[in-house]
Structures are given as structure tokens and as C-alpha cells.
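Here's the letter readout for the chains.
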Amino acid sequence: MGACPMNKLDWRAPRGRLISLNKRFRAGVFFAILSALLLGTGCTLISQNKPAGAFLGRSGVDDYSPTAIQIGNMQQFWWCGQATNPNLHSQDTDTILYATGNPKDNSTSMPVVALAETPGAWDSAYTCNPKVIGGVFTNPLGDGTTYTYAMYYVATNSPAGISNNIGVAFSNDGMHWKKYPQPVIVSTTNEFYGVGQPALYNSDQKSGIWLFYEDLEASTAHYKATSTDGIHFTVEGVLTTNGLNIGILDGTWGDMAYDSEAGYWYAAYNVARRNPSTTGGVTELGEPGIALYRIPNDSLVSGATPWQMLESFDTNLTGHEANFLGGFLRDQFGNLNVGAYPTIQIYTSISNPAPPWNATANQAGLSGAPQNWDIGSVQWIPTNMQVPLNSYSNSSSTEVTTGYIDPTAGFKLGSTLGHIYQGPQSGASLSLYGCKSGTTGYFVSTTSTCGGSQLLGVNGYLYSAPQSGVSLVPLYNCNNAAAAYVSNDATCQGAAPSTNSGAGAGAGAAAGALLGYALP
């Protein structure tokens, strides 16, 4: 259990870094010393071969479900990644990997295996989904040692990946861990997934740990449990779902963290997976997007004030087919008040590279496979509430979006149609989705089903009607023989009017249907 141990989790969860050993060291010196230390202590170094477009990752194997801590100018990362279990070399499943990073230049060290399954133990089949918290943990293992890190992770001894529990390991350097021998949050099912996806906060900067977790027995609920020693937990209640768009979300999250200055909890919920009928028959294992929500501290359980949706980080924004299991950048005690705060950084699990603009639905679906999973980075910037809705065209297609445009597709910006909100606002709560039909049939819709075509994600939010005292521009859904497009002109520059605002060219819509209203 000691030397650079490792993990695997569920494919269920299955628009964003580390602490220095001595903050006086320059980054280059630090990484050189770290590599030497790792090689000298028997830790398993993993060949990185980081793919283009990834913040962390390796070619041909899965890397996902990150957790990130920053102290000063250095960052630490832990995540799930396929590697050989150093405790059982015949086992090649997900382990928990570790690397350090420098936020000044976004460089990262070579990954090492930090934790893995223990043969014959409760976590012998799979371990994954690490969350790490700093504190003062006095003799938790009965070995007389006080530890400064605790890692809560999800694991099971079931080869079927069911009946997962949450365990804990302790460390003084973030690389070498010792496990508590039994799980600290125990599943009550032998049929369903069990408990998982911990999120952490240290309430006293010692060992007063608040652990939030999912229970996926038949349906999904999130619980708050507290501890004074980091091991023995008492369940305090169930987190509210008031304000969550359950019809769009799949009910699971990647992480939750606290803004101690503003008094808000932020959660990164996973968007529901696409129907295989829209992905060429491919059952995608990673969700297509992450929805960022926040709620005041005093409403987390009561729901007196509902969750507020802030922004979506999805295929429409990033181009990646899968965007899921996000982990917040935080300080060692679980606070979001680090780095570029009040900008909030999220490290996301992504499929990489993004499929080409003219990929078939099947090709796009296959690009989301686990061997393509890497870790990316997105940000929520609280001052950027509005985003431009742009119209791009190439020789054969038009794409209207607030997000990603394939740089190889030859698209040129034609016009900015208006500005829409990243998250729903009072009066502006009409979702505008990005959709795709066939290989090049991009269109927008106000329904998430996209008329049976592929959902790319959320462009933003429109006004559904004119507003007194607010200058707005109308948006009309249009199409011609070549492509669907959006216009501020009700006649679509002379095209025939339409009666269908919820579909696009690929879904049989005519031209001129009113979508809603945007800011100029």
C-alpha cells in the first residue's frame, strides 16, 4: 500500500494545477528535482506523450476524472488513468496518477502512479475518482504518524463494477499513500453502482472533513457527510435538487467546491448522454457536456434558494464529443479562491481530438471512446455573462454558434447576429441549442431533441418575447437548398416563411420561424 500506489471507476460518469516542495525553487529546478526523487524512490513513471489539445493525457489510454489543488504558484493533480498496477503486474486497469504543474506556463511533470488496487482487498477490482484535501490528520492509521493529505477515492472488488464504496488514503507528499483498510462510506447495494464521486471541504483546516457524495442505488441522490477525524462519517442530509434541470442533466456530477468569499457552492453536473439513435448507433460512455451551477451555502440542503445554472461546457463550445467529470481548481482546503479567482477553473474529462466538422454521427460517436479520453481545461468568467452568436460559412455549409468552429473546415465569419446569455436570466430563459444533421447539416433549435438529429450542446439563452425598455433583435430560423442559417430578417432575405422554430434544415424546417430575441 505504500510506494506510489494507484485506480478504475464507472463508465457512468462514465465551456478551465500543484504545490511545490519548496516554493522558493524555480519551476524548472523543481521539476528536475521531482523527477530525480521519483526515480530514486521506486515510483512508477508513466511515459506521457501528451496529445495535442490536452492539458493532461497520454495517447491511446484513458485519462479522466481529475482533482486539482493550487498553493501559491504550484499545482498538484490526481486523476484516473490506465496503467499497470504496481501491486499486481497482471492487472492493467485504471490507476490514480499524479503530476505537478506550473500555472505560469501550463507545463506539467511526467505522471506517476500514485494509488492502485490492493489484491484481495475491498478495492481489488477497480479504483478511481480521486479527490484530495489538505489538513492535519493525527494518527488516522494507528501508526503514530500525522498526515497532511487525505485522498478519498471510489473502488470495488466487483469485476462487474457494481457495489462501489468510498475509501481514504493518507500522505505527506501527495505521491506516496497509505490506505485506511476499510471503506469510509459503504454502499448499500449489491445490484447497482453504489456510492461514488466524492467532493471535499475541510471545515477547520485540520480534520473536520465535509464529504459530499453520490448514491446511485436505483436513482441518484447527493449526500452531505461530516467527520472530525477524516475516517468516521455521519450523514447530515440530502442536497437539494431545486433549480436543477433534471430533464437535461443525468443526475450525476464530477465535483463540488466552495467559494468562501461569496458563500456559494459550485457544482459541475454531467449532462445526459446522447441517444444512440443520434450517434450512428454508438453508445457513448462519456457525457457530452458539463453544466455549471451554484447555490448559496445556507440553501445547499434546504433548497430555499434554488440552484442557478451559469454555463454549459459541451461539444458546442469545445468541439470534443465527450466533456464530463469536471474537477474544480481549489486550494488545499477545498476553497475556490485561488488562481485567477473570481474566474473559476475547471479541469474536464474530454475525448480528444475533436471529430472533424464533416464527421458522420457514427464517426463522432466513436471519437468519444475511452482510449481517446484526456484532461482539458475550461473557465467560467463571471463578468462574461453574454456571448456573441456568430454565423460562419464555408463552401457547403453554414454554422451558427457561440462556440467551437473546426479550424480546418474553411469557415469564415459572416456576421454577428446578436448576443445571448451563457446562463438563463429573468426573461431570457429560452435555450438555443446547436444541432447537426448528417455530415454537414448544422442548425439551431429551441428544443433539446433537435428533431431527432445530433445535439451538440447549448449556445446560450434567448428572450422569448420583446422586453419593455430593453433593446433586442429578433432571430429567425431559415434554410435554403444549401444550408440552414439564422437571420435577423423575418423574410430570411426573401425566403418563404416557416411555421417550425424547433427544427433546422436537416429536420425538415422551412424558412422564417421566429426563434426568439437576442441583445444587439
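Residues numbered from 1 in each chain as written. Predicted model: local features only at pLDDT ≥ 70, side-chain atom pairs only at ≥ 80, totals over all residues. Heavy atoms only, no water.

Draft legend 1. Seen up close, the sheet that holds strand 29 (residues 513-518). Spatially, three strands are ordered 28-27-29 in an open sheet, and the strand pairing comes out antiparallel. Taken across any chain shown, the strands that pair with only one partner, and hence form the sheet edges, are strand 28 (484-487) and strand 29. Strand after strand, the sheet turns through a mean of 25 degrees between neighbouring axes, direction not considered. Inspection of the sheet shows strand 27 (residues 473-479) paired to strand 28 by four bridges, in the antiparallel sense. If you follow N477 over to strand 28, its bridge partner there is V486. (Pairing = 2+ DSSP bridges. Helix = DSSP H or I, 4+ residues; strand = E, 2+ residues; numbered from the N terminus. Axes fitted to C-alpha atoms, helices over the stretch in contact; angles between N-to-C directions.)

Draft legend 2. Region of interest: the nonpolar core. Ranked by internal contacts, the top residues of the largest apolar core, which has 32 residues, are M256 and W307. Where this core is concerned, the elements lending two or more residues are strand 10 (195-202), strand 14 (249-259), strand 15 (264-271), strand 16 (289-296), strand 24 (430-437) and strand 26 (454-462). In this structure, V154, V168, V184 and I209 belong to the second largest nonpolar core, which totals 21 residues. (Core = buried A, V, L, I, M, F, W, Y, C linked by side-chain atoms within 4.5 Å. Buried < 20%, exposed > 50% of the residue type's maximum accessible area, 1.4 Å probe, protein only.)

Draft legend 3. Looking closely at the environment of T447. Take T447: it is sitting in the loop between strand 25 (441-445) and strand 26. Along the backbone, T447 and C435 are 12 residues apart, and their C-alpha atoms lie at a distance of 9.8 Å.

Draft legend 4. Region of interest: the packing of aromatic side chains. Across all of its chains, the model carries 27 aromatic pairs by this definition. Seen in terms of ring centroids, W122 and Y153 are 5.7 Å apart; in terms of plane orientation they differ by 25 degrees. Their pairing is stacked. Here Y153 lies in strand 7 (residues 146-156) and W122 lies in the loop between strand 5 (112-115) and strand 6 (126-138), a separation of 31 residues in the sequence. Exposure class is identical for W122 and Y153. Each is buried. (Phe/Tyr/Trp six-rings, centres within 6.5 Å; stacked < 30°, edge-to-face > 60°.)

Draft legend 5. Looking closely at the confidence of the model for the protein. Residues of the protein with pLDDT of at least 70 account for 88%, and the chain-wide mean is 89. Low pLDDT, under 50, characterises residues 497-510; the predicted model gives this stretch 39 contacts beyond four residues in sequence or across chains. (pLDDT = per-residue confidence, 0-100. Contact = heavy atoms within 4.5 Å.)

Draft legend 6. Region of the structure containing the sheet that holds strand 16. Ordered by their spatial adjacency, four strands build an open sheet running 14-15-16-17, and the pairing between neighbours is antiparallel. Every interior strand has two partners, whereas the edge strands, strand 14 and strand 17 (308-314), have only one. Across the sheet, the axes of successive neighbouring strands diverge by a mean angle of 25 degrees, strand direction being ignored. Here six bridges tie strand 16 to strand 17, and the two strands are oriented antiparallel to one another. Its bridge partner lying in strand 17, I290 is registered against F313.

Draft legend 7. Examining the pairing of strand 19 (residues 344-351) more closely. In terms of burial, strand 19 is largely enclosed, as eight of its eight residues are buried. Burial along strand 19 is two-sided: the face carrying I344, I346, T348 and I350 and the face carrying Q345, Y347, S349 and S351 are both buried. One ladder, built from four bridges, connects strand 18 (residues 323-330) with strand 19; its direction is antiparallel. Following the sheet pairing, G327 is matched in strand 19 by Y347. Here strand 19 pairs with strand 20 (residues 373-380) via eight bridges, running antiparallel. If you follow I346 over to strand 20, its bridge partner there is V378.

Draft legend 8. Spotlight on the pattern of salt bridges. The tally for this structure, following the rule as stated, stands at six salt bridges. With its nearest N and O atoms 2.7 Å apart, the salt bridge here joins K179 to D123. Here D123 lies in the loop between strand 5 and strand 6 and K179 lies in strand 9 (residues 178-179), a separation of 56 residues in the sequence. Summarising the burial analysis for this pair, K179 and D123 share the class buried. For R274, the salt bridge identified is with E321, shortest N-O distance 3.2 Å. Placement of R274 in the loop between strand 15 and strand 16 and of E321 in the loop between helix 2 (315-318) and strand 18 is noted, with a sequence separation of 47 residues between them. Connected through salt bridges with shared partners, the residues R274, E284 and E321 form a single ionic network. (Salt bridge = Lys/Arg side-chain N within 4 Å of Asp/Glu carboxyl O.)

Draft legend 9. Region of the structure containing empty space enclosed by the protein. For the largest cavity, the calculated volume is near 190 Å³. Together, 17 residues line the largest cavity, and T315, G319, Y404, Y442 and L456 are the ones closest to its centre. Those elements that provide at least two residues to the lining of the largest cavity are helix 2 and strand 26. Broken down by class, the residue content of the lining of the largest cavity amounts to nine nonpolar, four polar and four charged. A volume near 80 Å³ is recorded for the second largest cavity. Around the second largest cavity, the lining comprises 14 residues; the ones closest to its centre are E399, V400, Y442, F443 and V444. Listed by contribution, the elements that provide at least two residues to the lining of the second largest cavity are strand 22 (398-401), strand 24, strand 25 and strand 28. No other element matches strand 22, which puts four residues into the lining of the second largest cavity. Within the lining of the second largest cavity, the residues separate by chemical class into nine nonpolar, four polar and one charged. (1 Å grid on protein atoms, 1.4 Å probe; cavity = no way out; pocket = protein on both sides within 12 Å on 5 of 7 lines; lining within 4 Å. Points joined across faces, edges and corners; volume = space filled by probe spheres on them. Nonpolar A, V, L, I, M, F, W, Y, C, P; charged D, E, K, R; others polar.)

Draft legend 10. Here's a closer look at the environment of M175. Relative to the helices and strands, M175 is located in the loop between strand 8 (165-171) and strand 9. Since its relative accessible area comes to 5%, M175 is described here as buried. A C-alpha to C-alpha distance of 10.0 Å links M175 and Q76, two positions 99 residues apart in sequence.

Draft legend 11. Highlighting the side chain of R58. Looking at the element boundaries, R58 is found in the loop between helix 1 (27-40) and strand 1 (63-71). A polar contact is formed between the side chain of R58 and the backbone oxygen of D62, at a distance of 3.4 Å. (Polar contact = N/O pair within 3.5 Å; in protein donor to acceptor, adjacent residues only side chain to side chain.)

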